[in-house]
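Examination of the molecular architecture
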Amino acid sequence: MTETLHTTPANQQWGGRFAAGPAAVMQDINASIGFDKRLWRQDIRGSLAHAAMLAACGIIAPTDERDIARGLEAIAAEIEAGSFPFTEALEDIHMNIEARLTERIGEAGKRLHTGRSRNDQVATDFRLWVRDAIDGLAAQITDTMRALATRAAEHAADPMPGFTHLQTAQPVTLGHHFLAYVEMLSRDRGRLADCRKRLNECPLGSAALAGTSFPIDREATAQALGFDRPTANSLDAVSDRDFALEFLSTASICAMHLSRLAEEIVIWCSAPYRFVRLSDAFTTGSSIMPQKRNPDAAELVRAKTGRVAGALVGLLTVMKGLPLAYAKDMQEDKEPVFDAADALALSLAATAGMVRDLRPDLARLREFAGSGFATATDLADWLVRVPRLPFRDAHHVTGRLVAQAEARGVDLAGLSLAEMREAEPRITQDVFSVLTVDASVRSRTSQGGTAPENVARQAARWLEHLA
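Here is a short report on the structure shown in this document. Everything quoted here is computed from the prediction, not taken from an experiment.

**Focus: unusual backbone geometry**
- A cis amide bond links leucine 324 with the next residue in sequence, alanine 325, at an omega value of 5°.
- The phi dihedral of leucine 166 is positive, around 60°, even though this residue is not glycine.
- With respect to the helices and strands, the residue leucine 166 is situated in the loop between strand 1 (159-164) and strand 2 (167-173).
- Classification of leucine 166 as partly exposed rests on a relative accessible area of 48%.
- Positioned with a positive phi, phenylalanine 373 is a non-glycine residue whose angle comes to about 60°.
- Mapped onto the elements, phenylalanine 373 comes out in the loop between helix 14 (362-369) and helix 15 (376-385).
- Residue classification places phenylalanine 373 among the buried positions, given a relative accessible area of 19%.

Here it is in structure tokens:
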């Protein structure tokens, strides 16, 4: 049995090269209008700059440029209003807009594509879109940092357990914990800025791969579109997607940071911990268990990291074996970038909301801050500082005292001075002054430490910086 391949009319933009249309399956796999119509603003912006440059260089008439500008502005209004007639037969956003432009203004519309190719056109549009996405995400990161720094200032002196290996380690303050995520997000924001700087070169005028014979002014279009300069090599310009990969890499790291905080919120909300509570705004219930309050917003932030990191791996795989210059494989670059940007934007919004919404149980945090012999390091430090034991000896003495306290079912401060002196005769009553949670956090005054005055100062510095 043979399969009949149904065909559709040839794309009118192809001119006379193809007599028949593509097979239906070819049209389905080839068309990108279903997703690349998100580039319409950038496509119109690039076309306006290109037409203005062509007119300034005497390549098209000023009247054509005016008609093109008028037509493109009308098309933008149509798309905004939802009345633009997108068609899959025209494959992508570039041809849909160009065909509609010619319908509206006639011959002048056919002159717009002079001196350019879809290859440099899409490379330009995509850079513009990623640049816009970076600007939006950077603003969201700033807002999330501000939310964290605000909560850090509120809780600069409130102790909580600090963990390593998810085991109680030493007391820290809740504000100090929040500021750790401010630092992470600051690096994410810096990576976005670096990515933006590197992508800010304009491919327009590179044409299909070799440049153009028309006397165009690439500096003019680059300037008009807010780029720092034109790209230097036409082959690289149309085939480069490093900017998209770098964006996805940066987005993946940021999503991972958000996932770490989301995981902590999930743990903190759980019944064994009960460190914080989220309101109804960021939780859901159970269909069968009426008592449940599930931190679903945090869980979904955690899960969306997979989408963002998956987009990076997907695009790396698309690009890894492509010879120069452009190949249709590169049509697969946009959907992962769009999806990752959407997922990260939603994750940032949810994270900022949860940080502002959560209510810590300060008494419970304080109780757990002192659990698990959390002041053991303070005892070891006191043994080094006062009776001048070498640290390794102080470590051994403290370990013996922890074992003794554990056997008795008390914390270190629950041991008597006599019991402590059995392990080290030079211990004095003064040792008990360092075995409280508050004394522990107050003592961590080294730069970057959890001492409340450090935390308050850092939170104030960040809030001033982010204002």
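Okay, back to it.
**Notes on empty space enclosed by the protein**
- Considering all chains together, one arrives at one cavity of 30 Å³ or more under this definition.
- In this structure, the largest cavity spans a volume of roughly 30 Å³.
- Asp43, Gly46, Ser47, Arg116, Gln121, Thr124, Asp125 and Leu204 together form the lining of the largest cavity.
- Elements with a minimum of two residues in the lining of the largest cavity: helix 3 (40-56) and helix 7 (118-154).
- Among the residues making up the lining of the largest cavity, the classes are represented as one nonpolar, four polar and three charged.

**Description of a nonpolar patch on the surface**
- Where nonpolar side chains cluster on the molecular surface, the patch consists of Val25, Met26 and Ile29 and spans about 320 Å² of accessible area.
- Tracing the backbone shows valine 25 in helix 1 (residues 24-30).
- With a relative accessible area of 57%, valine 25 lands in the exposed category.

**Examining the nonpolar core**
- Of all hydrophobic cores here, the largest spans 92 residues; its most connected members are Val130, Phe247 and Val337.
- Counting residues per element, this core draws most heavily on helix 11 (residues 242-269), at 15 residues.
- Among all residues touching valine 337, those that are not within four sequence positions of it are Phe126, Trp129, Val130, Ala244, Phe247, Leu248 and Leu315.
- Grouped together as the second largest cluster of nonpolar side chains are 21 residues, Ala376, Leu383, Ala423 and Val431 included.

**Overview of the environment of aspartate 381**
- For aspartate 381, the location among the structural elements is in helix 15.
- Along the primary structure aspartate 381 and leucine 148 are separated by 233 residues, whereas in three dimensions their C-alpha atoms are 31 Å apart.
- Those residues in contact with aspartate 381 that lie beyond four places of it in its chain are Phe391 and Arg444.

**Some words on the pattern of salt bridges**
- Per the counting criterion, the structure on display carries 27 salt bridges.
- Put simply, arginine 229 and glutamate 201 hold a salt bridge, and the shortest N to O gap is 3.3 Å. Of this pair, arginine 229 sits in strand 4 (residues 229-230) while glutamate 201 sits in strand 3 (residues 201-202); the two residues are 28 residues apart in sequence, bridging distant segments of the chain.
- Looking at arginine 229, the relative accessible area reads 39%, which means it is partly exposed.
- Ionic pairing is found between aspartate 333 and arginine 241, a salt bridge with its closest N-O pair at 2.6 Å. Within this pair, whereas aspartate 333 is found in the loop between helix 12 (296-319) and helix 13 (334-357), its partner arginine 241 is found in the loop between helix 10 (234-239) and helix 11, the two being separated by 92 residues in sequence. Each member of the pair, aspartate 333 together with arginine 241, is buried.

**A closer look at the pairing of strand 2**
- In terms of strand pairing, strand 1 meets strand 2 through six bridges, oriented antiparallel. From the neighbouring strand, proline 161 faces strand 2, where its bridge partner is proline 171.
- Counted along the chain from strand 1 to the antiparallel partner strand 2, the turn is two residues long, and its residue histidine 165 has a positive phi close to 60°.

**Some thoughts on the side chain of threonine 221**
- On the secondary structure map, threonine 221 appears in helix 9 (residues 218-224).
- With residues up to four places along the chain from it excluded, the contact list for threonine 221 reads Ala49, His50, Met53 and Leu204.

**Notes on the packing of aromatic side chains**
- Inspection of every chain in the model, using the stated rule, returns seven aromatic pairs.
- An angle of 75° between the planes, with centres 5.2 Å apart, marks the rings of phenylalanine 275 and phenylalanine 368 as edge-to-face. Separated by 93 residues along the polypeptide, phenylalanine 275 in the loop between helix 11 and strand 5 (276-277) and phenylalanine 368 in helix 14 bring together distant segments of the chain.
- Taken together, the aromatic side chains of Phe126, Trp129, Phe243 and Phe338 make up a single cluster linked through ring pairs.
- The ring of phenylalanine 338 carries the charged tip of arginine 38 above its face, separated from the ring centre by 4.9 Å.
- Over the ring of tryptophan 462 we find arginine 461; its NZ or CZ atom is 4.8 Å from the centre of that ring.

Conventions and cut-offs
- Residues numbered from 1 in each chain as written.
- Predicted model: local features only at pLDDT ≥ 70, side-chain atom pairs only at ≥ 80, totals over all residues.
- Heavy atoms only, no water.
- Helix = DSSP H or I, 4+ residues; strand = E, 2+ residues; numbered from the N terminus.
- Buried < 20%, exposed > 50% of the residue type's maximum accessible area, 1.4 Å probe, protein only.
- 1 Å grid on protein atoms, 1.4 Å probe; cavity = no way out; pocket = protein on both sides within 12 Å on 5 of 7 lines; lining within 4 Å.
- Points joined across faces, edges and corners; volume = space filled by probe spheres on them.
- Nonpolar A, V, L, I, M, F, W, Y, C, P; charged D, E, K, R; others polar.
- Patch = residues over 30% accessible without salt bridge, like charges linked within 9 Å, V, L, I, M, F, W, Y side chains within 5 Å.
- Areas by Shrake-Rupley, 256 points an atom, 1.4 Å probe, with all protein chains shown as cover.
- Salt bridge = Lys/Arg side-chain N within 4 Å of Asp/Glu carboxyl O.
- Core = buried A, V, L, I, M, F, W, Y, C linked by side-chain atoms within 4.5 Å.
- Contact = heavy atoms within 4.5 Å.
- Pairing = 2+ DSSP bridges.
- Phe/Tyr/Trp six-rings, centres within 6.5 Å; stacked < 30°, edge-to-face > 60°.
- Lys NZ or Arg CZ within 6 Å of the ring centre and 35° of its normal.

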